[in-house]
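Listed below are the residues making up each chain.
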Amino acid sequence: MKWAWYCTPILFALVVQVPGLSGSAPPRFEDYPAGQIYEGPPAAPKLTTPLEQSFAAEINDTVEYAYSNKSQLKGPNFAGHLIVVRWGCGAPCMRMALVDVQTGEIYYTPIRYEGHGPESFDLPLLALGREYPQNPDLEFRPNSNLMIIKATPNQSGRHPSYTHYFLWRQNRWVLLQKVPLDRP
């Protein structure tokens, strides 16, 4: 009977696929639907911290543009009620914020240099092989809570670049999977 007690966890691990492990299929946008897309007027962005206030023009201008006649996609561009705001900070350099158009709340990028965490709008660059670093690749949809970011979190060259699959859930980022990118 002892063998069953020892073998059960091993059998469970062989049968159950855990999301985020390298062997599992990558998340897809359609697997994480956002629900109804917000169609009302945008709330004014709540620029409460000094960091948010220092980028007020970039944030406000993007929200205003998203609701202008110039925009091809009116309103939110991510997770049904968020606007992904991106702006340059050099060549290459990219910053990103999220604005909830229903509440005006501002949220930070899910990834930064040296790992994951809040309190920064700076995204890590994407460095593959001997190429010059470039801005990270971002993919997101208005009708999905999934964001895909290809980036190199540690620019020292010791760690590879990754495709990160992030889920936006309950106003927080959840890392679903991180897959190393092949170098050219």
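Right above here is the structure, for reference.
**Q** Got a sec to walk through the sheet that holds strand E9 (residues 172-180)? Specific residues and values, please.
**A** In space, the four strands of this open sheet follow the order E6-E7-E8-E9, with antiparallel pairing throughout. Single-partner strands in this sheet number two, and they are strand E6 (137-140) and E9. The mean inter-strand angle of the sheet, taken between neighbouring strand axes irrespective of direction, is 20 degrees. With six bridges connecting them, strand E7 (residues 146-151) and strand E8 (residues 162-169) associate as antiparallel partners. Counted as the bridge partner of Lys150 is Thr163 from E8.

**Q** Lay out the sheet that holds strand E1 (residues 82-88) in plain terms, naming residues and giving numbers.
**A** Strand order in this open sheet of three strands is E1-E2-E3, and the pairing throughout is antiparallel. Here the strands that pair on one side only, and so sit at the sheet edges, are E1 and strand E3 (106-108). Sheet twist, expressed as the average angle between the axes of neighbouring strands with direction ignored, equals 30 degrees. Looking at chain direction, strand E2 (residues 94-100) and E3 are connected through three bridges and run antiparallel. Looking across to E3, one finds that Leu98 is bridged to Tyr107. Running over the sheet, helix H3 (residues 56-66) touches E1, E2 and E3 and is turned about 125 degrees from E1.

**Q** So what about the environment of Leu146? Which residues, and what values?
**A** Following the sequence through the fold, Leu146 ends up in strand E7. Residues Leu146 and Tyr165, spaced 19 residues apart in sequence, show a C-alpha to C-alpha distance of 6.9 Å.

Criteria and cut-off values
- Residues numbered from 1 in each chain as written.
- Predicted model: local features only at pLDDT ≥ 70, side-chain atom pairs only at ≥ 80, totals over all residues.
- Heavy atoms only, no water.
- Pairing = 2+ DSSP bridges.
- Helix = DSSP H or I, 4+ residues; strand = E, 2+ residues; numbered from the N terminus.
- Axes fitted to C-alpha atoms, helices over the stretch in contact; angles between N-to-C directions.
- Contact = heavy atoms within 4.5 Å.

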